[in-house]
Amino acid sequence: MVHTVKKIITAVVSVVFFLAASIALQRLVVPKYAADLPEGNFTAEYYDETTEHDVLMIGDCEVYENIDPIYLWQRYGITSYIRGNAQQLIWQSYYMLEDTLKYETPKAVVFNVQALKYSEPQREEYNRMALDGMKWSKIKLDAIRASMCKGEKLIDYIFPILRYHSRILELNKDDIRYYAKRKKVANNGYYMRIDVLPVSESDVADTSWLSAYGETEENDENQNLSFAPEEDIIDPWAEIVTEEDDEPENPLPKVDKGEKFSDFSMEYMDKLRILCEENNIKLILIKAPSLAPVWYDSYERQVDEYSEKYGLRYINFYEHLDEILIDYETDTYDGGLHMNRSGADKVSEYLGKILATEYGIGDHRGEPVYDNVYEEKQKFYNDMIQAQQEEINKYGKVISY
Amino acid sequence: MFVSYQFIIFLIILLILYYTIPKKVQWILLLAANFIFYAYADIRYPVFIIVTAAAIYFAAVTMEYCVNKKIGNVKKRKKIIMLTALFIVLGILVCVKYTNFIIRNFNFLLNETGHGKISFVNFIIPLGISFYTFQGISYLLDVYWGKCKAQRNFFKFLLFISFFPQLIQGPISRYNDISKSLYEKHVFNIRQISYGVERILWGYFKKVVIADRIGTAVVALSESPDYYTGVYVMLGMVFYAIQLYADFTGGIDITIGIAQTLGVHLKENFIRPYFSKNTAEYWRRWHISMGTWFRDYVFYPCGTSRAVRKIKSFFKKRFGANAARRVTVYIATITVWLATGIWHGAEWHFVAWGLGNGIILLISEECAPLYRKFHKRFPKLAGNALYNVFQILRTCFLMSCLRLFDTYGSVRVAIKQFIHMFTQFGSSTLSGKELIELGLSFGDYIVILSGVIIMLAVSILGRTGSVREKISKKPYIIRYLVFVGLFFMVLLFGAYGQGYDVSQFIYNQF
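Residues numbered from 1 in each chain as written. Chains lettered and ligands numbered in written order. Predicted model: local features only at pLDDT ≥ 70, side-chain atom pairs only at ≥ 80, totals over all residues. Heavy atoms only, no water.

(A) Structural context of the overall build of chain B. When helices and strands are tallied, chain B shows 20 helices and zero strands. Relative to the 2.2 N^0.38 estimate, which gives 24 Å for 510 residues, the radius of gyration of chain B is 24 Å and therefore close to what a compact globule would have. Counting every position in chain B, which comprises 510 residues, the buried fraction comes to 52%. Counting contacts in chain B only where the partners sit at least 6 residues apart, residues at least 24 apart contribute 76% of the total. As displayed, chain B has an accessible area near 24600 Å², and 67% of this comes from carbon and sulfur atoms. Averaging the coordinates of the 56 positive side-chain charges in chain B and doing the same for the 24 negative ones gives two points 14 Å apart. (Helix = DSSP H or I, 4+ residues; strand = E, 2+ residues; numbered from the N terminus. Rg over C-alpha atoms; globule rule 2.2 N^0.38 Å. Buried < 20%, exposed > 50% of the residue type's maximum accessible area, 1.4 Å probe, protein only. Contact = heavy atoms within 4.5 Å. Areas by Shrake-Rupley, 256 points an atom, 1.4 Å probe, with all protein chains shown as cover. Lys, Arg positive; Asp, Glu negative; His and termini not counted. Charge placed at Lys NZ, Arg CZ, Asp CG, Glu CD.)

Right, here's the structure in full:
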């Protein structure tokens, strides 16, 4: 009897030790996304939230780099969170919303429509950054299944050590430093940058294209930069390899040939809309004022038609540049691809007004629960601004964010 | 195929079913597993193995029937039946594996004479066809010679031919060696299972930690022979020797381990070959099942064949008994090595490699009296450790030189590189930068070096008995840590998954 009990205890301890060692090693080798690609931490950060949000924003970098939830709080008292990731595809956004609904039900969902143009998974790296941080559930499983690129395996998502094992030879101090607790990198999902790279000084941008529309950035900086109705868009970044358009297997045409969103994308657009309807959530479609990647008139028309058909609000920030007052010489940190804090705050100001006045999203300032939480968030936010400023002062650029 | 998640899941499911179903149908499950495994690789493959198995099965049963019933000229009938079956199975092998080789060489001749060209054929080459064909032939000849009884149950025979662990790269088992454990009932035995799993893990360690990692550098070195000359040829030889050993023995470890978990005992195929002091010893330790197969089914029959006996008698009359014996050995040896080379692949470099081995073995044989004289003159050398190391290194070097044919896949390039190894040795230097350019990082080199040291240590430990037996006598905590340590080494340091093109086992092409 004693012998049997001893055997059972030995077996249990052996299994527990084996599992513990597996988990510990897995934790060691998974990317920490601290110094490089902080976007990889966005998804997981959401689960640290302690208060609910009235507005949820979902999409790719056009939301998480162009809208500032802390500004929305400071200016309008709106509680919001961005569940966005690098090149987050529409089905990933759908599953992010589904996942979010397990924890809270926002009053409004803001969805950035750029992802509609992608009909199939793009790159494993983006999938991993968006999905690895999700808590395990059937939703995550569905998200993975919908997102896997050719060659990816479900088992690699279930046991990330199988995917990241080779990092054992590339470990750095961040892997130890953020072993137990990952680095906090975002402000309610917002990726903040305070540095400036004007369009005119961008080494990747050809600003002469602006004159194609009869204006230059010098004589009218508020010119509607994009949607020339009778013309095909000549996109100045069409030749630029960015994380968005580096898609050798599925290149987008350089000229608008009346591209249509795929049935697959629209199927998820419908699912997203229906999910919002079922949960009594207002769905707002947006298009950020980023100058790249390409956004064709044909895309615009399809979004217009869809929003009209289902009575959805669609805000294309390009069309309101004169109200938003975006200055591509000061409001972007990468030559017009993404907004810096200044630009994001302008976009947030515009969006916040709509949310507050047209959608009745309430002001939670003065409510102790939120005040306490947002006081801490603002401290983190301000510390980040200060840290980035210090880096700019010291190195002439932001290097750690 | 062994290095895939699907295979591991397949094996786990098989083991669970194998030990839960009634014992008397275990072999049927195993047979079904063989065909699932084989059809998963390609749905058409089973057709080939069934045809080969059927030809051999009916030949064996018919031969035995002739013997038992004493029908007509039994010897002659048996021979006709055996040769017919041999013609069919070798015909299939030659057709699928060597037709394009023959056409290519024929086209070369036609081109030389200004004639047109013959189009290549697009046959599929069934996985492991060389292995299962040779295994079938060994059974056929054993039945023909009366060394074993014919298996009356076709499906049981099919199980012997198609046993999936050895389909990939052998070993080439004999019917008498494995049939009993293949068909008997097996009870769940935790010791047997853990031994098997340990062996599988050890195989994976060699395959994915060492062989697949160093393979990147081997490819880089062999793909640019004009750039990597001199000392890099030697480096390539060393790297390929490590890769081939780790890959092949790793694969065999996995094979034997899987068989062991199923209660099937397979013979060892390697006994520390890189510790051999001469080439003959090396070939008695390397790919043993292949070596003994050629010895038993080619060398001896060739040496005792009527044609060779005639030649022997011709030489005996003219040059004496000693010369006649030599001629017999020469013919048999060259035939064996020519066949061995061709068996490895339908390429001239394999033929050159085979002939090279045969010639070196014959030279060694001829030099044997000289060695004996030398050792008589310096008797202390035999027990001298340094001399032993010299002999081991010399053998390794010789074998590695011959492997240049395989490394470069071209007779011309291999010979050129062999010459460059000596003539341009000083023209290139080994630097850290150059080593990194071979596609391996500093970390990769550390992993490879550590892996080779572990492999060497296990080999040295194995000289005095089974390493697993030794480990099994240690306290539980030691055994557990060895097991878990091995698992995590494979898991973390293995070159597998996305980012690695997990190479197939080198030997499954043969």
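Right, picking up where we left off after that structure.
(B) Layout of the pattern of salt bridges. Tallied over the entire structure, the rule returns 39 salt bridges over all chains. Its salt-bridge partner being D345 of chain A, residue R341 of chain A comes within 3.4 Å of it at the nearest N-O pair. One end of the pair is R341 of chain A and the other is D345 of chain A, both in helix α14 (residues 341-357) and four residues apart, which spans about a single turn. Classification of D345 of chain A by relative accessible area gives buried; the value is 10%. One network of salt bridges, in which partners are shared, links R199, K206, D253 and E268 of chain B. (Salt bridge = Lys/Arg side-chain N within 4 Å of Asp/Glu carboxyl O.)

(C) Inspection of unusual backbone geometry at higher detail. In the segment running from G170 of chain B into P171 of chain B, the intervening peptide bond is cis, with an omega of 5°. Here P171 of chain B shows up in the loop between α6 (154-162) and α7 (175-183). Phi at N280 of chain A takes a positive value of approximately 55°, unusual for a residue other than glycine. Examined against the element boundaries, N280 of chain A turns out to sit in the loop between α11 (263-278) and β4 (282-287). Judged by its relative accessible area of 69%, N280 of chain A falls in the exposed class. With a phi angle near 45°, H287 of chain B is a residue other than glycine that sits in the positive phi range.

(D) A look at the domain arrangement of chain B. Residue and element names in this part refer to chain B. Segmentation of chain B into domains returns domain 1 (5-188), domain 2 (189-228 + 244-266 + 429-510) and domain 3 (270-409). On the domain 2 side, the residues contacting the 30 residues of domain 1 number 25 residues. When the buried area of domain 1 at its contact with domain 2 is split by residue, P165, Q169 and F188 rank highest and sum to 29% of it. Where domain 1 touches domain 2, the interface holds zero salt bridges. Put simply, domain 1 and domain 2 have five residue pairs in polar contact (both at pLDDT 80 or more) between them. Listed by contribution, the elements that provide at least two residues to the side of domain 1 that touches domain 2 are α1 (5-18), α5 (129-144) and α7. Looking at the side of domain 1 that touches domain 2, the element that brings in the most residues is α1, giving seven residues. (Domains from an automatic or database assignment. Buried area = accessible area lost by both parts, 1.4 Å probe. Polar contact = N/O pair within 3.5 Å; in protein donor to acceptor, adjacent residues only side chain to side chain.)

(E) Examining the interface of chain B and chain A more closely. Between chain B and chain A, the residue contacts involve 17 residues of the former and 22 residues of the latter. Interface area, chain B with chain A, both sides summed: about 1700 Å², of which 73% is carbon and sulfur. Across the contact surface, chain B and chain A share zero salt bridges. The tally of links from chain B across to chain A stands at seven residue pairs in polar contact (both at pLDDT 80 or more).

(F) Broad picture of the sheet that holds strand β5 (residues 313-316) of chain A. All names here are of chain A. Ordered in space as β2-β1-β3-β4-β5, the five strands form an open sheet in which the pairing is parallel. If you trace the sheet from one side to the other, it starts and ends with β2 (80-84) and β5, each paired once. In this sheet, adjacent strand axes meet at a mean angle of 20° when their direction is disregarded. Examined bridge by bridge, strand β3 (residues 108-112) and β4 share five bridges and lie parallel to one another. Bridge pairing in β4 places V110 opposite I284. Sheet contacts for helix α5 (residues 90-100): β1 (55-59), β2 and β3; angle to β1, the most-contacted strand, approximately 155°. On the sheet, α11 packs against β1, β3 and β4 and is oriented at approximately 140° with respect to β4. (Pairing = 2+ DSSP bridges. Axes fitted to C-alpha atoms, helices over the stretch in contact; angles between N-to-C directions.)

(G) Layout of the side chain of T328 of chain B. For T328 of chain B, the position within the fold is in helix α13 (residues 321-344). Separated by 2.8 Å, the side chain of T328 of chain B and the backbone oxygen of A324 of chain B make a polar contact.

(H) Expanded view of helix α2 (residues 26-41) of chain B. Residues and elements named next belong to chain B. The end-to-end C-alpha separation of α2 is 23 Å, in line with the 22 Å expected for 16 residues at 1.5 Å each. Buried residues of α2: Q26, W27, L29, L30, L31, A33, N34, F35, F37 and Y38, and no others. In this fold, the buried residues of α2 make contact with α1, α3 (45-69), α5, α6 and α7. (Expected span 1.5 Å × (residues − 1).)

(I) The arrangement of the pairing of β1 of chain A in detail. All names here are of chain A. Within β1, five of the five residues are buried, leaving the element largely enclosed by the surrounding structure. The two faces of β1 match: V55, M57 and G59 on one face and L56 and I58 on the other face are all buried. The sheet contact formed by β1 and β2 spans five bridges and is parallel. Opposite L56, over in β2, you have Y81 as the bridge partner.

(J) Expanded view of the nonpolar core. Core analysis: the biggest nonpolar cluster contains 138 residues, and Y139, F164 and L262 of chain B have the highest contact counts within it. Considering each element in turn, this core owes the most residues, 17 residues, to helix α9 (residues 231-261) of chain B. Formed by 62 residues, the second largest nonpolar core is a distinct cluster that contains V29, I168, V347 and Y381 of chain A. (Core = buried A, V, L, I, M, F, W, Y, C linked by side-chain atoms within 4.5 Å.)

(K) A look at the confidence of the model for chain B. All names here are of chain B. Per-residue confidence for chain B averages 90 on the pLDDT scale, and 97% of its residues sit at or above 70. Considering each helix and strand of chain B separately, the mean pLDDT is smallest for helix α17 (residues 432-436), with a value of 79, and largest for α6, with 95. When the criterion is pLDDT under 50, residues 501-510 qualifies, and its contacts beyond four places in sequence or with other chains add up to 44 contacts. Taken together, the chains of this predicted complex give a pTM of 0.84 and an interface ipTM of 0.80. (pLDDT = per-residue confidence, 0-100.)

(L) The packing of aromatic side chains, seen in detail. Summed over all chains, the structure comprises 75 aromatic pairs over all chains. Where Y94 of chain A meets Y268 of chain A, the ring centres are 5.6 Å apart and the plane angle is 65°; that geometry is what we call edge-to-face. Within this pair, whereas Y94 of chain A is found in helix α5, its partner Y268 of chain A is found in helix α11, the two being separated by 174 residues in sequence. Of the two residues, Y94 of chain A and Y268 of chain A, neither departs from the other in class, the shared state being buried. Cluster of aromatic residues (ring-pair linked, three or more members): Y57, F58, Y139, F154, F155, F157, F160, Y175 and Y183 of chain B. Above the ring of W136 of chain A, the side-chain terminus of K140 of chain A is found at 4.5 Å from the ring centroid. Across the ring face of Y144 of chain B, the terminal group of K78 of chain B is positioned such that the distance to the ring centre comes to 5.3 Å. (Phe/Tyr/Trp six-rings, centres within 6.5 Å; stacked < 30°, edge-to-face > 60°. Lys NZ or Arg CZ within 6 Å of the ring centre and 35° of its normal.)

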